[in-house]
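Geometric and topological summary
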Amino acid sequence: MSEAAAHGNQARLSSLLKSQEGIVLVLAVLAFVLFSLLLPSFFSPGNILALIRSVSILGILALGMALVVIARGIDVSMIATMVVSVSWAFVIARSGYSLEFALLVGALFAVVAGVLIGVLIAFGEVAPIFATLAAGSVIYGLGRTFFFTLEMQNVPPDAGWFSLIGQGRILGVPVTVVVFGVLCLALHLVLSRTRFGWQTYAMGNNPGAARITGISNRPMIVAQYAISALIAYGAGLVLASSASAINARLFNSTMIYDILLVVVLGGIGLNGGHGKVRNVILGTIFVGILLNGMTIMNIPYTIQNLVKGVVLLLAIVIDSLVNPRDEQTSQQGDL
Amino acid sequence: MRLLKTTKWLAAACIALAGIVTASAQDKGLENPRSTTFRKTLEGKKVVFLPLSMGFDLTEGWAAVMRQQAKRLKYDFEIRDPAWSTDAGTRALQSLISEKPDLIVAHNPDIQSYARLLAQAQAAGIKVVQINLESNTQTDSYVGADWTEIGEQAAQAVVDKCSPGKGASTKVAIDTGVPTAASDVFQLDGIYRVLNQHPDIQVVSQQATEYNPEKARSIMETVLQQHPDLCGAIGIWDNQDTGTASAIQQAGKGDQVFLVTSGGGNKVGCENVEKGLFNLYISYNVPLQGEILNAEIARLLLSDGTAGENKTLYFNPLTQITKANVNQRNCWTLDDLK
Amino acid sequence: MATSDALSRLRYRLLPDRLFGELLTKSWIDNVIPALALVVTILVMTWIVPGYLTVANLTDLARQVSEFGLIALALTIVILSGGIDLSVGSVFALCVLAALVSMNVLGLPVGVALAATLATGLACGLLNGVLIGYLRLRAFITTLVTLVIYRALYDIIFPRLASAIVGSMPVSPTWDLIGFGTVYGLPVSFAIFAVIAIGVHVVLSRLRPGWRLRAVGGARRSAYNAGINVKLTVCLAYVASGLLTAIAAFLFSARLGSTGADTGIGLEISVLTAVVLGGVSLGGGRGSVGNAVIGSILVLILTSGLIRLSMPGSVNQLILGLVLIAAVLFDAKWVKNRGKLLSKVYVSPTYLKLPNLMPPTGTDVLAVNDRLGAAELIGLGAVEGPEDVVLDRDDNLYTGTRHGTIVRFLAPDYARNEVFARIGGHPLGLAFAPNGDLLTCVGGMGVYRVSPDRKVTKVTDETNRSLLSVIDDSRLRLPDDLDIAPDGRIFFSEATIRYEMSEWAVDALEGRGNGRLICHDPRTGATRTILRGLIFPNGVTICRDGQSLLFAETWACRISRYWFDGPDKGKHEVFLDNLPGYPDNLNRGSDGTYWIALLGMRTKTFDLAMRKPGFRRRMAKRIAADEWLFPNINRGCVLRVSATGEIIDALWDEAGENHPSITSTCEHKGWLYLGGVSNNRIGRVRIEGADPQWTAHDDYWGKR
């Protein structure tokens with residue numbers, strides 16, 4: 001190898017390490033290589049598909065979250081929207097309506113919930129974290145009180161095509177993974193090719209400047225939360241279809257934290273304006289590799305959580321060591 | 001439906017009988033003093049149910065059965081719903097101790113959290129019945145499944161299918177719920193009691209799913225990738241194991257992997273047995289538990305003894321439901337109980 | 001007309017509208033709404049839950065508040081520092097584990113168990129603190145990750161020790177006392193909580209670490225630039241959070257003696273809800289211990305109350321969510337609009353009827369002339385805002401400026417000037433004491449003394465607080481003019497207690513007696529308010545009898561006399577009424593006369609407006625301050641009045657080029673020196689026929 005090439009490689013490596021994304025990428029590759037060498041059944045097409053599949057629902061939810069986070073928001077009500085809209089759709093279907101109609105009602109509910117949350121944030125000027133925190137509680141309480149009593153809702157009987165979403169395969173690839181892929185592509189196109197996408201970045205970078213340059217921030221915020229709610233609904237359908245049931249108790253679980261971690265780990269900062277779909281994919285796959293490897297090693301669930309946490313912590317610590325923040329340039333009220 | 005028909009028929013018969021009696025006789029019968037005291041003693045008493053959470057088949061089922069008896073015998077029946085939070089549960093229990101109802105029906109989140117408070121409640125003169133999930137404190141009564149027995153039955157069933165030469169292999173996977181819950185602790189003990197006698201059975205995976213079907217699905221999927229020749233799987237709760245089952249179905253191994261799970265005998269669980277998702281469904285029969293619970297409530301409210309004086313317990317019988325015997329009689333829906 | 005005027009007068013006298021605006025200026029108003037919500041919740045609960053206010057139930061609540069409240073305090077401290085701590089729930093669980101393992105499994109003494117619990121909390125908090133404070137990680141994501149890690153640790157350790165924990169009960173009276181005991185009827189744990197809460201309150205509001213914490217949370221960069229060790233402060237906030245959580249965990253363990261698999265799960269959400277309901281703002285700097293406690297009680301009452309009402313868990317979720325939405329919505333709107341609302345409602349006009357303005361006849365003593373037009377200019381452009389002018393025995397001229405200095409013009413030609421003293425605020429009234437000290441009223445600061453060797457000392461900056469005033473009127477806001485009695489007492493006016501120096505003219509829109517006359521006695525050092533409810537009291541001058549003083553009430557267009565000594569002590573009567581303009585400073589002149597500076601002439605329009613408070617209120621509410629109708633303060637004159645209060649002369653600047661508005665005069669050796677609060681010069685004109693040797697100094701204190 002010539003000296004220049006070596007130098008170039010070094011430069012590339014150091015620039016790679018300059019971002020959270022790069023660090024996570026390196027860690028992901030490391031983990032992948034390590035598991036492939038150490039675990040005999042890890043590096044097989046079947047397992048890798050299973051790996052992606054196992055995290056694709058997390059990935060889909062993370063896509064919705066990413067959109068909101070890029071616009072300097074946060075949506076912790078996604079799980080509530082997901083379980084309530086899907087469960088309600090199932091209840092409607094079981095009470096004699098056609099499944100298609102029921103699913104439409106579910107989608108409508110999700111969109112209405114998203115719009116209301118957006119209105120609360122855009123027009124009520126409530127901090128997104130609190131607005132969505134409270135909205136999650138309200139949506140869940142509403143659903144459990146008025147729409148369905150039982151937390152566990154099975155997929156209605158005789159739903160042939162519906163179970164294909166979660167359990168079918170297209171050219172050997174699970175439909176779940178295909179759905180994740182298609183949504184990734186769609187969101188990528190929206191973010192990079194449409195006015196809506198550009199304006200989303202502008203809002204995330206500097207909401208004040210965005211408003212002055214003529215972007216209607218408020219309708220944009222409403223739209224973003226509606227989309228994230230709709231994506232949550234989609235994720236819920238995939239989830240319900242692949243597990244044959246949906247459990248409203250997911251709302252009480254730490255799943256929303258997992259989604260946030262995927263987004264942040266992939267390199268999308270919570271202060272908005274940055275991040276692409278590839279960051280979501282990276283974060284998702286990294287978490288997938290870790291979880292899958294540890295499951296194959298039969299590491300107990302609790303220790304898996306610990307390992308996951310420590311690796312995440314490492315990633316953000318390395319990021320802060322490589323890119324230290326400056327007292328003079330950091331933003332006030334930046335959590 | 002059938003129950004309703006029977007009742008109707010009975011009612012008609014009664015009316016006819018009553019007609020005959022009034023028409024023919026002067027005899028006004030004897031007052032049964034025991035019946036009067038029975039009703040008088042129970043009337044106006046206060047019973048409080050403290051479940052893990054409302055909103056799932058078990059607690060909704062018990063509550064429906066208990067509410068019916070309360071209505072019939074005219075005592076107060078209230079539910080304090082802590083919604084899966086042990087902390088809210090302990091707070092509710094603490095406030096109950098100062099409120100002093102006549103009887104508490106407690107559903108323990110684990111074997112220790114309520115232990116001390118239940119003892120305090122009894123010391124304060126409140127009678128306590130524990131349902132299905134015990135705590136370390138033994139109280140006036142416990143009604144529910146014997147989790148060790150469920151574990152043993154499940155393990156035995158898997159052993160029967162997966163002993164060397166019988167199944168695809170001798171590999172077995174176990175999906176637990178929350179590792180600290182009472183049902184898990186005792187059930188695992190039962191499972192390993194049997195498995196230890198059969199050293200040839202190999203446990204290849206034991207993971208906690210947090211009662212989450214999606215997590216159960218993804219764990220089972222990975223296990224099947226790793227062990228395509230898996231022979232048996234034991235799940236801890238039917239609600240979570242719909243996920244386990246769908247992973248098995250997807251892998252096309254529905255015939256190869258023998259899935260055992262347990263639950264309250266809800267119709268949805270039975271549907272899954274019919275569909276072939278569950279191979280063996282050990283039911284602890286919620287309506288039956290509810291009736292036993294009712295009998296215990298009445299007995300304790302009538303008894304003059306102080307709280308904690310006599311401690312009894314009753315492990316109710318289990319029903320093994322398979323495709324062969326699944327029917328209307330051993331499955332229930334919430335509407336049946338209301 | 002007359003009845004409507006009378007009604008209007010009555011209405012504005014009886015209804016204290018101004019209180020609303022004044023309440024809004026108080027900093028504790030932020031706590032009032034959560035506190036009211038709490039009271040309403042308690043009332044509703046008492047009403048719908050039978051036997052809610054029983055001793056047993058309250059004791060129960062107190063125990064819960066002590067644990068929950070401590071964690072709310074922990075979170076409040078972190079939020080005040082500009083961060084957030086999501087890991088409190090997991091830290092709580094780990095600390096409970098530490099306490100129970102020490103007590104139940106290892107059988108350690110209570111003290112050691114407490115130490116172990118605190119150490120656990122400290123370690124967890126320190127990790128958070130180092131990561132966020134020193135490594136500058138983002139608080140939200142970092143504590144999210146530590147939440148997962150601490151939780152995983154708990155989940156790993158707990159099942160292994162669960163049976164050992166329940167297996168044995170520690171025999172320790174202290175432990176049981178903490179868990180179940182009472183002192184004076186209060187649960188021990190609540191007493192512990194109360195002590196800690198008061199301690200934290202004192203630290204946050206009265207001590208340096210608390211101020212630093214608020215500074216870092218409110219404006220991190222400024223705090224850094226001001227030399228505060230930001231990293232250490234942030235780190236300590238998380239350590240404090242860990243320790244407080246540990247104490248809560250210790251109390252919890254003593255009470256329950258056991259722990260479950262889900263201990264602490266979701267705690268961060270309910271505590272966050274409590275803290276926000278209480279009124280702590282996420283983002284730092286705003287919030288208090290009171291907020292945290294109120295929020296905790298509110299959330300506990302709501303959750304326990306709803307469970308007690310046999311509500312399904314889902315309804316509780318629904319109601320809590322709705323309450324949280326209402327709270328954050330209100331908070332957002334409140335923070336945004338409080339200032340706007342305040343500026344809209346603060347101006348609170350009242351009815352003021354002035355005597356009819358005499359129509360100008362053109363021939364009387366008030367006729368316009370141009371005697372000030374030829375004034376010599378002193379220090380043109382060198383001074384800004386010479387409100388008052390005064391000369392010393394050596395004929396040097398002194399004046400205060402807007403820049404916070406007292407400037408001295410040197411005799412005899414006043415061409416040279418120098419900064420005599422730096423005060424810091426705008427010096428208004430000036431007066432010389434017999435020993436040569438210069439006393440001055442400084443806007444926004446108080447009364448100050450400058451010795452001939454230029455040493456500046458504070459004379460007084462406060463007076464006695466009146467009992468019923470909402471505004472804290474113990475601090476001097478706008479001391480205006482002063483004079484010194486023969487015995488050395490300093491009498492000074494405070495123009496208004498409702499407005500700052502920069503918006504003194506807005507007080508004219510109110511026409512209420514917002515001002516007062518205050519006396520400082522250097523012999524006792526005491527400062528006492530002697531007259532209240534004066535309408536913009538301005539100039540003060542001691543009469544030649546040495547027992548009374550004259551003071552001007554600007555917006556009332558009158559001069560009053562007040563006897564502070566002698567047989568008429570306490571008497572207060574009008575000296576000169578119905579002036580044609582707004583009087584400012586009063587000064588003695590030669591031949592026993594007094595000079596009155598009118599800073600502007602009255603107009604019929606504004607006199608009418610003063611009788612129409614509703615009109616002025618609407619004006620202040622609806623249109624921008626720039627377009628408000630103000631009294632004329634652009635065109636005034638100087639009056640000379642006799643000792644009995646007859647106007648004997650008037651001096652005008654007809655062209656209005658040099659001294660259209662005059663706020664002060666000073667006669668000295670045949671010259672009249674002129675100051676104006678909005679001028680950039682001092683003027684002097686020769687007074688025809690005046691005693692060329694007469695000086696105010698000699699008139700007061702006798703010849704040298």
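Residues numbered from 1 in each chain as written. Chains lettered and ligands numbered in written order. Predicted model: local features only at pLDDT ≥ 70, side-chain atom pairs only at ≥ 80, totals over all residues.

**Concerning the overall build of chain B**
Within chain B, the regular secondary structure consists of twelve helices and twelve strands. Overall, chain B is about 80 × 50 × 30 Å in size when its C-alpha atoms are taken along their principal axes. Sorting the 338 residues of chain B into buried and exposed places 56% on the buried side. Within chain B, contacts between residues at least 6 apart in sequence are counted, and of these 76% link residues at least 24 apart. (Helix = DSSP H or I, 4+ residues; strand = E, 2+ residues; numbered from the N terminus. Buried ≥ 20, exposed ≤ 12 C-beta atoms within 10 Å, placed from the backbone. Contact = placed C-beta atoms within 7 Å.)

**What about the overall build of chain A?**
If you tally the helices and strands in chain A, you get 14 helices and four strands. Relative to the 2.2 N^0.38 estimate, which gives 20 Å for 335 residues, the radius of gyration of chain A is 21 Å and therefore close to what a compact globule would have. Taking the principal axes of the C-alpha coordinates as reference, chain A spans close to 75 × 55 × 35 Å. Going through the 335 residues of chain A one by one, you find that 55% of them count as buried. (Rg over C-alpha atoms; globule rule 2.2 N^0.38 Å.)

**Digging into the sheet that holds strand β11 (residues 312-315) of chain B**
Residues and elements named next belong to chain B. In spatial order, the strands read β2-β1-β3-β4-β5-β11; together these six strands make up an open sheet with parallel pairing. The open sheet terminates on both sides in strands that have one partner only, identified here as β2 (76-79) and β11. The sheet shows a mean angle of 15° between the axes of neighbouring strands, taken without regard to direction. Strand direction decides the pairing type here: strand β1 (residues 46-50) and strand β3 (residues 103-106), joined by four bridges, are parallel. Counterpart to F49 in the pairing with β3 is V105. Set on the sheet, helix α11 (residues 286-302) makes contact with β1, β3, β4 (127-131), β5 (141-144) and β11; between it and β5 the angle comes to about 165°. (Pairing = 2+ DSSP bridges. Axes fitted to C-alpha atoms, helices over the stretch in contact; angles between N-to-C directions.)

**A short note on the interface of chain A and chain C**
Listed by partner, the interface residues are 42 residues for chain A and 45 residues for chain C. Those elements giving two or more residues to the side of chain A that touches chain C turn out to be α6 (128-147), α12 (255-265) and α14 (301-322) of chain A. Of the residues contributing to the side of chain A that touches chain C, the split by class is 25 nonpolar, twelve polar and five charged. (Nonpolar A, V, L, I, M, F, W, Y, C, P; charged D, E, K, R; others polar.)

**Focus: the confidence of the model for chain A**
Counting all residues, the mean pLDDT for chain A is 85, and 91% of those residues have values of 70 or more. Confidence, expressed as mean pLDDT per element, reaches its minimum in chain A at helix α1 (residues 3-16) of chain A with 63 and its maximum at helix α5 (residues 99-122) of chain A with 94. (pLDDT = per-residue confidence, 0-100.)

**Concerning the interface of chain B and chain A**
Listed by partner, the interface residues are 27 residues for chain B and 30 residues for chain A. When residues in the side of chain B that touches chain A are grouped by element, the largest group, nine residues, is from helix α8 (residues 213-226) of chain B. In terms of residue class, the side of chain B that touches chain A is built from seven nonpolar, 13 polar and seven charged.

**Quick notes on the sheet that holds strand β24 (residues 664-668) of chain C**
All names here are of chain C. The four strands are arranged β3-β26-β25-β24 in an open sheet whose pairing can be described as antiparallel. The sheet terminates laterally at β3 (376-378) and β24, the two strands that pair on one side only. Averaged over all neighbouring strand pairs, the angle between strand axes comes to 25°, with direction disregarded. In this structure, strand β25 (residues 671-675) lies alongside strand β26 (residues 682-686), joined through four bridges in antiparallel fashion. By the bridge assignment for β26, Y673 is matched with R684.

**Let's talk about the environment of C:E67**
Residues and elements named next belong to chain C. In this structure, E67 sits in helix α4 (residues 55-80). Given 27 C-beta atoms within a 10 Å radius, E67 is considered buried. E67 sits 223 residues away from G290 along the chain, and the two C-alpha atoms are 16 Å apart. Those residues in contact with E67, other than ones at most four positions away along the chain, are A248, L251 and F252.

**Focus: unusual backbone geometry**
A cis geometry characterises the amide bond from C:A411 onward to C:P412, with omega recorded as 0°. Non-glycine residue B:N132 carries a positive phi angle of around 65°. When you line up the elements, B:N132 lands in the loop between β4 and β5. In this model, C:Y184 sits at a positive phi of 50°, which is unusual for a non-glycine residue. Relative to the assigned elements, C:Y184 resides in the loop between β1 (182-183) and β2 (186-187).

**A word on the nonpolar core**
Counting residues in each nonpolar core, the largest one holds 330 residues, and the members touching the most others are A:I259, A:V263, C:I71 and C:L324. Sort the elements by how many residues they give to this core and helix α12 (residues 230-256) of chain C lands first, with 19 residues. The contacts of A:V263, once residues within four sequence positions are left out, are A:A62, A:M65, A:A66, A:V69, A:I268, A:V280 and A:G283. Membership of the second largest hydrophobic core comes to 89 residues, among which are C:A508, C:I535, C:L550 and C:C637. (Core = buried A, V, L, I, M, F, W, Y, C linked by C-beta atoms within 7 Å.)

**A word on the pairing of strand β14 (residues 515-521) of chain C**
Residue and element names in this part refer to chain C. Counting buried residues along β14, five of its seven residues qualify, which places the element largely inside the surrounding structure. Bridging between β14 and strand β15 (residues 526-534) involves six bridges; their strand directions are antiparallel. By the bridge assignment, D521 is partnered in β15 with A526. Counting the residues that bridge the hairpin from β14 to β15 gives four residues, and of these G525 lies at a positive phi of roughly 80°.

**Some points on the packing of helix α6 (residues 147-162) of chain B against helix α7 (residues 182-197) of chain B**
All names here are of chain B. Where α6 contacts α7, the two axes come as close as 7 Å, and the packing angle between them is 40°. In terms of their interaxial angle, α6 and α7 are classed as oblique. Considering how the two elements wind past one another, α6 and α7 form a crossing that is right-handed. Along the contact surface, α6 presents W147, T148, E149, I150, G151, E152, A154, A155, Q156 and V159, while α7 presents S183, F186, Q187, L188, D189, G190, I191, R193, V194 and L195. Residues belonging to the contact of α6 with α7 are distributed by class as follows: ten nonpolar, six polar and four charged. (Parallel < 35°, antiparallel > 145°, perpendicular 65-115°, else oblique. Left-handed = near helix turned anticlockwise from the far one by under 90°.)

**Structural notes on the pairing of β2(B)**
Residues and elements named next belong to chain B. Of the strand pairs in this sheet, β1 and β2 are connected by four bridges, and their pairing is parallel. The residue bridging K46 from the neighbouring strand is D76, located in β2. Handedness of the crossover joining β1 and β2 through helix α3 (residues 57-73) is recorded here as right-handed. (Right-handed = clockwise from strand over helix to strand, strands pointing away.)

**Points about the environment of B:L117**
Residue and element names in this part refer to chain B. Mapping L117 onto the fold places it in helix α5 (residues 115-123). Taking C-alpha positions, L117 is 12 Å from T86, a pair spaced 31 residues apart along the chain. The contact partners of L117, leaving out residues within four places of it in the chain, are T90, L93, Q94 and I97.

**Structural notes on the environment of B:S283**
Tracing the backbone shows B:S283 in strand β10 (residues 280-283). Expressed as a C-alpha distance, the spacing of B:S283 and B:A119, which sit 164 residues apart in the sequence, is 30 Å.

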